[in-house]
Amino acid sequence: MAITAVRIDGRLIHGQVANLWTTKLGVTRIMVIDDQVAASDIEKAGLKLARPAGVDLSVLPEKVAADHINRGGYDSQKVFIVVKRPQILLDLVNDGVKLEAINVGNMSQTDETTQLTNSINVVQEDVDAFNALHEKGIKLTQQMVPGDQANDFMEILKKFKPKN
């Protein structure tokens, strides 16, 4: 499969992904990978409405996505993978999916998270997954929109101080 880009964005498909990233990357398919979203007809319907015209959409559970990718199900397409959390990508890699780079976009704030940037909030589990992805040689960057400079996410991650 031609994985064109991989992005972590808690909002999944929204204006930045649908209009800016998809256009800039010239993708033919957005692949949302998330077990809970794939099981929700309401969430899938919302994503279908948000996808840009002319771009195919797959909303898949993790194991199904890994299987489709590993067997070459989308080899003729330019695929943009979007997930909510880094653990999903670590699971994919552990299931044999080859990823070269990950763009960390938006991870929403909750009572449990620690803020790293205005748009990136993490918990210890996220930090562990990011470190594991980095150790596997995957390049991690932070970039909100294509016109922004891509920053080394591992440098940003050094700011993490767990909540007590």
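The structure under discussion appears in the preceding block.
Now for a look at the structure at hand. Remember, it's a predicted structure, so these values are computed and weren't measured experimentally.

1. Some points on the layout of surface pockets
Empty space left among the atoms is revealed by rolling a probe the size of a water molecule over them. Taken as a whole, the largest pocket holds about 310 Å³ of empty space. What lines the largest pocket is a set of 16 residues, and nearest its centre among them are Thr 4, Ala 5, Val 6, Ala 101 and Ile 102. Those elements giving two or more residues to the lining of the largest pocket turn out to be β1 (2-9), β5 (101-106) and β8 (139-142). The greatest single-element share of the lining of the largest pocket, amounting to 5 residues, is contributed by β1. In terms of residue class, the lining of the largest pocket is built from 8 nonpolar, 4 polar and 4 charged.

2. Considering the sheet that holds strand β9 (residues 151-152)
Taken in spatial order, the 7 strands make up an open sheet running β3-β2-β4-β1-β5-β8-β9, and their pairing is mixed. Here the strands that pair on one side only, and so sit at the sheet edges, are β3 (56-60) and β9. Two strands pair when backbone bridges link them, and β5 and β8 are joined in this way by 4 bridges, in the parallel orientation. The residue of β8 that forms the bridge with Ile 102 is Leu 140.

3. Quick notes on the packing of aromatic side chains
What describes a pair of aromatic rings is the distance from one ring centre to the other and the angle between the planes of the rings. All told, the structure shown has 1 aromatic pair when counted by the stated rule. Here Phe 130 and Phe 153 contribute two aromatic rings whose centre-to-centre distance is 4.5 Å and whose plane-to-plane angle is 55 degrees, an arrangement assigned as tilted. With Phe 130 in helix α6 (residues 124-135) and Phe 153 in helix α7 (residues 153-157), this pair connects stretches of sequence that are 23 residues apart. Overall, Phe 130 belongs to the buried group, its relative accessible area being 0%.

Procedures and definitions
Residues numbered from 1 in each chain as written. Predicted model: local features only at pLDDT ≥ 70, side-chain atom pairs only at ≥ 80, totals over all residues. Heavy atoms only, no water. 1 Å grid on protein atoms, 1.4 Å probe; cavity = no way out; pocket = protein on both sides within 12 Å on 5 of 7 lines; lining within 4 Å. Points joined across faces, edges and corners; volume = space filled by probe spheres on them. Helix = DSSP H or I, 4+ residues; strand = E, 2+ residues; numbered from the N terminus. Nonpolar A, V, L, I, M, F, W, Y, C, P; charged D, E, K, R; others polar. Pairing = 2+ DSSP bridges. Phe/Tyr/Trp six-rings, centres within 6.5 Å; stacked < 30°, edge-to-face > 60°. Buried < 20%, exposed > 50% of the residue type's maximum accessible area, 1.4 Å probe, protein only.

As far as function goes, none of this settles anything; it's purely spatial.
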